[in-house]
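Structure assessment
Residues per chain are reported as follows:
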Amino acid sequence: MRITDGSLATIEEKILAGERLSFEEGVRLFREANPLQLSSWANLVRRRLHPDELVTYVVGRNINYTNVCWVQCKFCSFYRRPGAEGGYVLPPGEIFRKIQELLDLGGTEILIQGGLNPALKIEYFEELFRAIKARFPIHIHGLSPAEIIYLAKISDLSERECLARLQRAGLDSIPGAGAEMLVDEVREQIAPHKDSAAAWLNLMRTAHQLGIPSTVTMMYGSVETVEQRVEHLVKVRDLQDETGGFTAFIPWSFQPAGTHLPEVKRASGFDYLRTVAISRLMLDNIPNIQASWLTQGPKIGQIALQYGVNDMGSTVIEENVVTAKGAVFMVPLAEIERLIRDAGLTPARRNTRYEILPA
Amino acid sequence: MRSIRDQLRQAGLAGIHTKLLQGRRLTFEDGMRLYRTPDLTAVGYLANLVRERKCGATTYFVRNLHVNYTNICNKRCKFCSFYAAPNSTDGRGYVLSPEEAAARVAQYAGEPVREIHMVAGINPKLPYRYYLDLLQAVRAARPEAQIKAFTMIELAQIARVARRPLAEVLPELKAAGLAACPGGGAEVFSDRVHEELFRAKLDNQGWFDVARAVHAAGIPSNATLLYGHIETEEEKVRHLLHLRDLQDETGGLMCFVPLAFDPSRTELSHLPVTTGYANLREIAVARLLLDNVPHIKAFWIMITPAVAQMALWYGADDIDGTVSHYEITHALGTTSHRQVLSTEELLDLITEVGREPVERDALYNVIEEPLGVRRKG
C-alpha cells in the first residue's frame, strides 16, 4: 500500500472510463488499494452519479413493533424468545403516537421492523398498515425480507401473494436489512436459522417485480473473508441488473459487544471506509450509498463523504436494535447538516423515493 | 494515480503539487488554500507525498505513561476543564509529591515504558526544589524511561520560582532527568486568541523565548496547536509558519502535535466538537507547511483511534502511545471513549492500514528490540 505504487493502474483506467469492475478486481481493491486511492476513485464515481454535490437524508423514525423472535441470531442482543420475559408487541395506539410525533417534527418515513413473531400473521399487518394509511400521510418502509418470508409461511401464502397484500394494505418500500453476508457459508455461522442468501435475494426480486423498491445492506466484519464481501457485492449488482429495484446500498459493521460472538474484534474505521469505497466502485448500478452513523459515529461518518457516501440515511429518533448492542451514536439533524456543510457539500432533505424535498 | 491530477487541479492545488515535487517551500497563501479547499483527499494526497518522502511507511509509537503532577493552576484558561484554581475550596485540587509521582510510575513496573510524559498546572506554591526532586524521583523509579516534561509555560514558572534565568535552570533540570519537552501551551500564536482565552498565560513571544532557550540547552521539544475553538484559518497558518521559522533557527523541534479542542466541561462548552474532516486536515496542513519538522503526531486520545488510524495516510507518522493515566481530556462520547490502548491494539491499527510500526523512545530513537512485544506484519 504505497501512494507511488503504479499497481492497480488497469483498475484505475476502468474506473476512469466508467467500466464495470470484476470480482477479481474487487478483491484486489480490498487487498492492495490504499485509502487515498479508494477515496479519490470513490469520490470520482460519487460526483459522476451526483454532480450536484448534494448529500441527502430523510427524516424518519424506527418503530420496532415487536422484539419477539425465535431466530436467535448470534449477533443480535435485541430479541426475546416467544414466551420469554420482556417480549412485547406495540399496541396500535402506541404506534400511532410515534407516527404523530414524527409528523410533528416534519418526518416523512417510518421504518417498521421487528422480529419473527409467530403470533403475528398477515391480517395483523394488513390491519396495521391500513390503519396507519387511513390516519397519516406517511411512507411505510417496513418489514425486512426475513420477516416477509416468515410471514408468508405462517400465513400460508406464497411470497408474491404476501407481498402483494402488504403492498395493497400500504407497504411502500422494504428495508434491505438481514442481508448480512449473502454467502451461505457465512450465514450458517452467524445466523444459522436465517434464510439462505438465495431466499433473501428471491424475496427482493419478487418485491421489485411488484414495484416495491428496497434498500440493501451488508453486515461485514464478523467471520467473512474479503472474497465473501465481494461475492455479496456482485450478487447484489447482478440482481440490480435484473430488477433495478434497489435504491441504496448500506454497509455497516458487525458490533460484537453484547452478542454471542464477542471474540470477534470490532472492525476499524479504515475497514469501514474501504468497504464503503469499494461498494461505491463495484455497485455501478445502484444510485446511492448510505452512511451508517449509528455504527461509525460522526467523525468516520463524515469522512465517509470522501469515500463514496452520498446519503446519510434516516436521522434517527429511535433505534432499539443497534443501541441494544452497544453502539450509542445519536446524531441530531442540525449536527448532520453541520457535518455535511463542514465537508464542503450541501445537505438536502429527501423522501424515501430519493426525491429532494423543498427546504 | 491519474485520478488525483484532475482532483488537484479542480481543488486549485496543482501549483502546490508542483512546488512539492520541486522541493520548494509553501507560502502563507498556499496554507490558506490548503485550509479552504473542500477536497480533503487532495490535501491528504499532498501531505502523504511529503510523509512518504520523509519516512516511507514507518509509523512511530511509544509505550508511555502520563503523570499530571498537579491540577492546581492560576491561569484560568477558558478552554481547560482540568484545572483547579489555587484558592478553590471544592477539594478537587491536588499535588503529587515526588514520592507519589514515583510510586505512580512504579505501578506499571511490568510494562516496558520508554517515555514518561509529565505536564501539569501552574501551581504558584511549588518551589524550584520540587521540580528537581520530581524529576529525580521519577527517573529513579523508571531509569529505562526518558522523561519528557514541562510545557513552555511550566518552564517559565520554574525559572520564576528559581529566581534565575531559564538558561541557568535548564542544565540543572536536564541533569535531574529532563530529556525532552512536550511543547504544549502554545495554543494559537495570536494576540487576539491569547487575550480572549488564555490571558494570564505566557504570551506568544514568551513561548518562543522559552523554546529557544530549551533548544539552546540541547533539549529537543515538540510543538502544538490547539484548534477547534475561536481561532481563524489565517491564525493557524501564521502559527505554523512561526514554528517553521523557529525550527529554521534552532532545529530543536522533533514533532508537531495538532491538539483538537474538546469543549465539554469548559467555559466554551457551547462550541461543537471538532469534525473528522478537521482532524485529518490539521494533520495534513501541518505536514505540508512544517517541511523542516521531522514528525507529525496523530494523538488518538483526542481524535479517536479510528481517525488516528486514517491520519497515517494524511501526513501523520506518529500515533503517540499506549498512554497510561491521562487526565487532561476526560470527555466521554465526544472524543475517545477510552484512555488506554494495549500495544497489540496499537500495532493492529498501524498494520491494518498498511503502515509499518516502529517503536521509539521519547527522542525518536528506534527501539530495535522491543521488550516483550509481539511484532506483526
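What you are looking at is a predicted structure, and each value in this text was computed from that prediction instead of being measured.

Points about the overall build of chain B
The secondary structure content of chain B amounts to 15 helices and 10 strands. Its C-alpha radius of gyration of 20 Å places chain B within 12% of the 21 Å reference for a compact globule of 377 residues. Taking the principal axes of the C-alpha coordinates as reference, chain B spans close to 60 × 50 × 40 Å. Here chain B holds 377 residues, and 54% of them are scored as buried.

With respect to the overall build of chain A
Each helix and strand counted, chain A has 14 helices and eight strands in total. With respect to the principal axes defined by its C-alpha atoms, chain A has extents near 60 × 45 × 35 Å. The buried share among the 359 residues of chain A stands at 51%. Of the contacts formed within chain A by residues at least 6 apart in sequence, a portion of 80% connects residues at least 24 apart.

Section: the confidence of the model for chain B
In low-pLDDT segments, the atomic positions of the prediction should not be examined closely. Residue and element names in this part refer to chain B. Predicted confidence across chain B gives a mean pLDDT of 90, with 93% of residues reaching 70 or more. Considering only residues more than four positions removed or in separate chains, one finds that residues 327-338, a stretch of pLDDT under 50, has 22 contacts. With pLDDT under 50 throughout, residues 371-377 is counted as low confidence; its partners more than four residues away or in other chains account for nine contacts. Both scores are given for the predicted complex: the pTM is 0.92, the ipTM 0.90.

Notes on the interface of chain B and chain A
Contacts between the two partners involve 30 residues from chain B and, on the opposite side, 29 residues from chain A. Of all the secondary-structure elements, those providing two or more residues to the side of chain B that touches chain A are helix 1 (3-10), helix 4 (40-55), helix 12 (276-289), helix 14 (305-311) and helix 15 (343-352) of chain B. Residues belonging to the side of chain B that touches chain A are distributed by class as follows: 16 nonpolar, 11 polar and three charged.

Focus: the sheet that holds strand 9 (residues 318-321) of chain B
All names here are of chain B. Strand order in this open sheet of three strands is 9-1-10, and the pairing throughout is parallel. Since the sheet does not close on itself, it has two edges, and those belong to strand 9 and strand 10 (356-359), each with one partner. Here the average twist between neighbouring strands, direction ignored, is 25°.

Observations regarding the environment of Leu29(A)
Residues and elements named next belong to chain A. Tracing the backbone through its elements, the reader meets Leu29 in helix 2 (residues 23-32). Along the sequence, Leu29 and Ile11 sit 18 residues apart, while their C-alpha atoms lie 8.6 Å from each other. Other than its neighbours up to four places away in sequence, Leu29 contacts Ile11, Ile278 and Leu281.

Concerning the packing of helix 11 (residues 269-282) of chain A against helix 12 (residues 293-303) of chain A
Residues and elements named next belong to chain A. Running from N to C, helix 11 and helix 12 cross one another at 40°; their axes reach a closest spacing of 10 Å. As summarised for this structure, helix 11 and helix 12 are arranged oblique, according to the angle between their axes. Where helix 11 crosses over helix 12, the two elements pack in a sense that is right-handed. Here helix 11 contributes Gly269, Tyr272 and Leu273 to the contact with helix 12, which in turn contributes Gln296, Ile300 and Ile303. Counted by class, the contact of helix 11 with helix 12 contains four nonpolar, two polar and no charged residues.

Some words on the sheet that holds strand 3 (residues 115-118) of chain B
Residue and element names in this part refer to chain B. Taken together, the four strands give an open sheet; going across it, the order is 2-3-4-5, and neighbouring strands pair in parallel fashion. Of all the strands in the sheet, just strand 2 (64-67) and strand 5 (178-180) have a single pairing partner and so form its edges. Geometrically, the sheet is characterised by an average inter-axis angle of 40° between neighbouring strands, direction not taken into account. The pairing of strand 3 with strand 4 (residues 146-149) spans four bridges and is parallel. In the sheet register, His117 faces strand 4, and the bridge partner there is Lys148. On top of the sheet, helix 6 (residues 128-141) reaches strand 3, strand 4 and strand 5; it is set at about 145° to strand 4, its chief contact.

A look at helix 1 of chain B
The complete set of buried residues in helix 1 of chain B reads Ile4(B), Gln7(B) and Leu8(B). Down the axis of helix 1 of chain B, the buried set is contained in an arc of 100°. They therefore lie on one face. The inward-facing, buried residues of helix 1 of chain B contact helix 3 (35-49) of chain A together with helix 2 (14-22) and helix 4 of chain B. At the C-terminal side of helix 1 of chain B, Gly12(B) shows a positive phi close to 75°.

Considering the environment of His208(A)
Residues and elements named next belong to chain A. Secondary-structure assignment places His208 in helix 9 (residues 197-209). Judged by the 20 C-beta atoms lying within 10 Å of it, His208 is buried. If we skip the residues at most four places from it in the chain, His208 touches Pro213, Ser214, Thr243 and Gly245.

Remarks on the pairing of strand 6 (residues 221-227) of chain B
Residue and element names in this part refer to chain B. In terms of burial, strand 6 is largely enclosed, as seven of its seven residues are buried. Pairing of strand 6 with strand 7 (residues 253-260), which is carried by seven bridges, proceeds in the parallel orientation. Residue pairing in the sheet places Ala223 in a bridge with Phe256 of strand 7. Handedness of the crossover joining strand 6 and strand 7 through helix 11 (residues 233-250): right-handed.

Here we look at unusual backbone geometry
Residues and elements named next belong to chain B. Although it is not a glycine, Arg76 adopts a positive phi angle of roughly 50°. The topology assignment puts Arg76 in the loop between strand 2 and helix 5 (98-107). Using a count of 13 C-beta atoms within 10 Å as the deciding quantity, one classes Arg76 as partly exposed. A positive phi angle, near 70°, is found at Phe150, a position not held by glycine. Position of Phe150 relative to the elements: it lies in the loop between strand 4 and helix 7 (152-162).

Structural notes on the environment of Glu12(A)
Structurally, the position occupied by Glu12(A) is in helix 1 (residues 9-17). Look at Glu12(A) and you get buried, because 20 C-beta atoms sit within 10 Å. Taking the C-alpha atoms as reference, Glu12(A) lies 44 Å from Tyr79(A); in sequence the two are 67 residues apart. Leave out the neighbours within four places in its chain, and Glu12(A) touches Trp41(A), Met1(B), Arg2(B) and Ser3(B).

A closer look at the packing of helix 7 (residues 159-169) of chain A against helix 9 of chain A
All names here are of chain A. As a packed pair, helix 7 and helix 9 sit with axes 10 Å apart at the nearest point and diverge in direction by 50°. The angle between the axes of helix 7 and helix 9 places the two elements in the oblique class. Here helix 7 runs over helix 9; the crossing is right-handed. Here Glu159, Arg160 and Leu163 of helix 7 come into contact with helix 9, specifically with Leu203, Thr206 and Ala207. Class assignment of the residues belonging to the contact of helix 7 with helix 9 gives a composition of three nonpolar, one polar and two charged.

Concerning the pairing of strand 7 of chain B
All names here are of chain B. Across the eight residues of strand 7, eight count as buried, placing the element largely inside the fold. Of the pairings in the sheet, the one linking strand 7 to strand 8 (residues 295-296) comprises two bridges and is parallel in character. Residue pairing in the sheet places Phe256 in a bridge with Ile296 of strand 8.

Digging into helix 7 of chain B
All names here are of chain B. Taken across its 11 residues, helix 7 has eight buried, putting it largely inside the fold. By the burial criterion, the buried members of helix 7 are Met152, Ile153, Glu154, Leu155, Ala156, Gln157, Ile158 and Ala159. Contact partners of the buried residues in helix 7: helix 6, helix 8 (166-176) and helix 10 (204-216). Backbone geometry just after helix 7 places Arg163 at a positive phi near 55°.

So, how was this worked out
- Sequence order as written defines the numbering, with residues in each chain counted from 1.
- To read the labels, note that chains go from A and ligands from 1, taken in the order they are written.
- Selection of residues for local features in this predicted model requires a pLDDT of at least 70, selection of side-chain atom pairs for listing and counting requires 80 or more, and totals for whole chains, interfaces and linings are taken over all residues.
- The helix and strand labels rest on DSSP assignments: H or I over at least four residues marks a helix, E over at least two residues marks a strand, and numbering proceeds from the N terminus.
- Throughout, radius of gyration means the C-alpha value; the globule benchmark is 2.2 Å times the number of residues raised to the power 0.38.
- For every residue, the other C-beta atoms within 10 Å of its own C-beta are counted; 20 or more classify it as buried, 12 or fewer as exposed, and values in between as partly exposed. C-beta atoms are placed from the backbone.
- We call two residues in contact when the distance between their C-beta atoms, placed using the backbone, is within 7 Å.
- The pLDDT value expresses, per residue, how confident the predictor is, ranging between 0 and 100.
- Amino acids outside the nonpolar list (Ala, Val, Leu, Ile, Met, Phe, Trp, Tyr, Cys, Pro) and the charged list (Asp, Glu, Lys, Arg) are all regarded as polar, and Gly is one of them.
- By definition, two strands form a pair when at least two bridges between them are found by DSSP.
- Under this scheme, a helix contributes an axis fitted over its contacting stretch, all axes are lines through C-alpha atoms, and angles between N-to-C directions fall in the 0 to 180 degree range.
- Oblique is the label for any angle not covered by the other classes, which are roughly parallel (under 35 degrees), roughly antiparallel (over 145) and roughly perpendicular (65 to 115).
- Crossings are classed by handedness, with left-handed meaning an anticlockwise turn of the near helix from the far one by less than a right angle and right-handed meaning a clockwise turn.
- What the arc covers is the set of directions going from the helix axis to the C-beta atoms.
- Seen with the strands pointing away from the viewer, any crossover whose path from the first strand over the helix to the second strand runs clockwise is right-handed.

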